[in-house]
Amino acid sequence: MRYTIINDILTKGALLGCVLLLSRIAEVLMITYAQGLVWLFCASIISILLTLFYAYLTYLYTRHFADVTLSEYEGLTRFTYGNGLAFVAVVSLLAGVVASLGEWLFIHYVIGFNEFNTANISLLEEMYSILQTGVSSEFTETLNLAISQSIILMQQQDEPAIIESVLYGSWNTFSWGILLGLIIAAFTRRTANRTENSNE
């Protein structure tokens, strides 16, 4: 089948979305079933490692996209900084849609929103109690206030609609993708002559 840019972008976006979804599912499972701040720390480590893998995979996909498009389309002589940034932005948006939709379905049908929300509140209450027993300072008082306000908001929170969750999650991933793309695009600029020479 002939290579097409659209198919490549959709495939890469879906694969990156699956990586993000694995990260979010791991975090949800840790928060819900493994109570305690130690497990929250473990979930954070796992999330960070998967995020780094996501960033590296995005770089590899962008570099591959640059090489393939230059070789497949003779009229394209350069893969510019803007091309790289646009590619990362689009695949990040697609990845955000896949991950956010998958996360909502997982929480809604597998975990249960109320159980997940209750687990989040319990973790915040544990953090609040630990801070209360520590040395009081302006920073801890501000943090305590922020945590207590978050607990109140979460106790009053209704289950978000699927559209709301997908839009919010996609926007966050897209925004982070833009920042990531600003870096990746600088390392994936190339010209058709350079690609051809490297293949000889």
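Look above for the structure.
**Q** Would you mind showing me how to read the overall build of the protein chain here?
**A** Each helix and strand in the protein chain was counted, giving seven helices and two strands. When the elements of the protein chain are put in sequence order from the N terminus, they spell out α-α-β-α-α-α-α-β-α. Across the protein chain, the fraction of contacts at a sequence separation of at least 24, relative to all contacts at a separation of at least 6, is 85%. When the accessible surface of the protein chain is summed, it comes to about 11800 Å², and 66% of that surface belongs to carbon and sulfur atoms.

**Q** Sorry if this is basic, but what is going on with the pattern of salt bridges here?
**A** Close approach of charged atoms allows side chains of opposite charge to pair. Here the structure, examined in full by the defined rule, presents three salt bridges. A salt bridge links arginine 24 to glutamate 103, with the shortest nitrogen-to-oxygen separation between them at 3.5 Å. Placement of arginine 24 in helix 1 (residues 5-33) and of glutamate 103 in helix 3 (residues 81-111) is noted, with a sequence separation of 79 residues between them. Judged by its relative accessible area of 18%, arginine 24 falls in the buried class.

**Q** Please explain the packing of helix 3 against helix 6 (residues 162-187) as it appears in this structure.
**A** It is at 7 Å that the axes of helix 3 and helix 6 come closest, and there the two elements cross at 150°. Classed by the angle they form, the pair helix 3 and helix 6 counts as roughly antiparallel. Considering how the two elements wind past one another, helix 3 and helix 6 form a crossing that is right-handed. Its residues placed into classes, the contact of helix 3 with helix 6 shows 16 nonpolar, 10 polar and no charged.

**Q** I would appreciate a short explanation of a nonpolar patch on the surface in the present structure.
**A** Taken together, the side chains of Leu101, Leu105, Tyr109, Val110, Ile162, Ile163 and Leu167 define a hydrophobic patch exposed on the protein surface, amounting to about 680 Å² of accessible area. For the nonpolar patch, the secondary-structure elements that each account for two or more residues are helix 3 and helix 6. Per element, the largest residue contribution to the nonpolar patch is four residues, and it comes from helix 3. With respect to the secondary-structure elements, leucine 101 resides in helix 3. Given the relative accessible area of 34%, leucine 101 is considered partly exposed.

**Q** I tried to follow the nonpolar core on my own but got confused; where do I start?
**A** A general feature of soluble globular proteins is that nonpolar side chains tend to end up buried together. Leu16, Tyr54 and Phe87 are the most contacted members of the largest nonpolar core, which totals 21 residues. Those elements that place two or more of their residues in this core are helix 1, helix 2 (37-72), helix 3 and helix 6. Ranked by the residues each element gives to this core, the list is headed by helix 2, at seven residues. Discounting chain neighbours no more than four positions away, the residues touching tyrosine 54 are Leu16, Val19, Leu20, Ser92, Ala95, Thr173, Trp176 and Leu180. Of all hydrophobic cores here, the second largest spans nine residues; its members include Val28, Phe106, Ala119 and Leu123.

**Q** How should I be thinking about the packing of aromatic side chains in this particular structure?
**A** Two measures describe an aromatic ring pair: the distance that separates the ring centres and the angle between the ring planes. Enumeration over the complete set of coordinates arrives at five aromatic pairs. The interplanar angle of 40° and the centroid separation of 5.5 Å between the aromatic rings of tyrosine 54 and tryptophan 176 together place this pair among those described as tilted. Placement of tyrosine 54 in helix 2 and of tryptophan 176 in helix 6 is noted, with a sequence separation of 122 residues between them. Residue tryptophan 176 is classed as partly exposed on the basis of its relative accessible area of 33%. Relative to tyrosine 109, the ring of tryptophan 104 lies with its centre 6.3 Å away and its plane at 80°, an arrangement referred to as edge-to-face. A residue is classified by how much of its surface remains accessible, and tyrosine 109, at 61% relative accessible area, is exposed. What links up through ring pairs into an aromatic cluster is the set Phe65, Phe79 and Phe87. Sitting over the face of the ring of tyrosine 61, lysine 12 holds its NZ or CZ atom 5.3 Å from the ring centroid.

Rules used in this analysis
Residues numbered from 1 in each chain as written. Predicted model: local features only at pLDDT ≥ 70, side-chain atom pairs only at ≥ 80, totals over all residues. Heavy atoms only, no water. Helix = DSSP H or I, 4+ residues; strand = E, 2+ residues; numbered from the N terminus. Contact = heavy atoms within 4.5 Å. Areas by Shrake-Rupley, 256 points an atom, 1.4 Å probe, with all protein chains shown as cover. Salt bridge = Lys/Arg side-chain N within 4 Å of Asp/Glu carboxyl O. Buried < 20%, exposed > 50% of the residue type's maximum accessible area, 1.4 Å probe, protein only. Axes fitted to C-alpha atoms, helices over the stretch in contact; angles between N-to-C directions. Parallel < 35°, antiparallel > 145°, perpendicular 65-115°, else oblique. Left-handed = near helix turned anticlockwise from the far one by under 90°. Nonpolar A, V, L, I, M, F, W, Y, C, P; charged D, E, K, R; others polar. Patch = residues over 30% accessible without salt bridge, like charges linked within 9 Å, V, L, I, M, F, W, Y side chains within 5 Å. Core = buried A, V, L, I, M, F, W, Y, C linked by side-chain atoms within 4.5 Å. Phe/Tyr/Trp six-rings, centres within 6.5 Å; stacked < 30°, edge-to-face > 60°. Lys NZ or Arg CZ within 6 Å of the ring centre and 35° of its normal.

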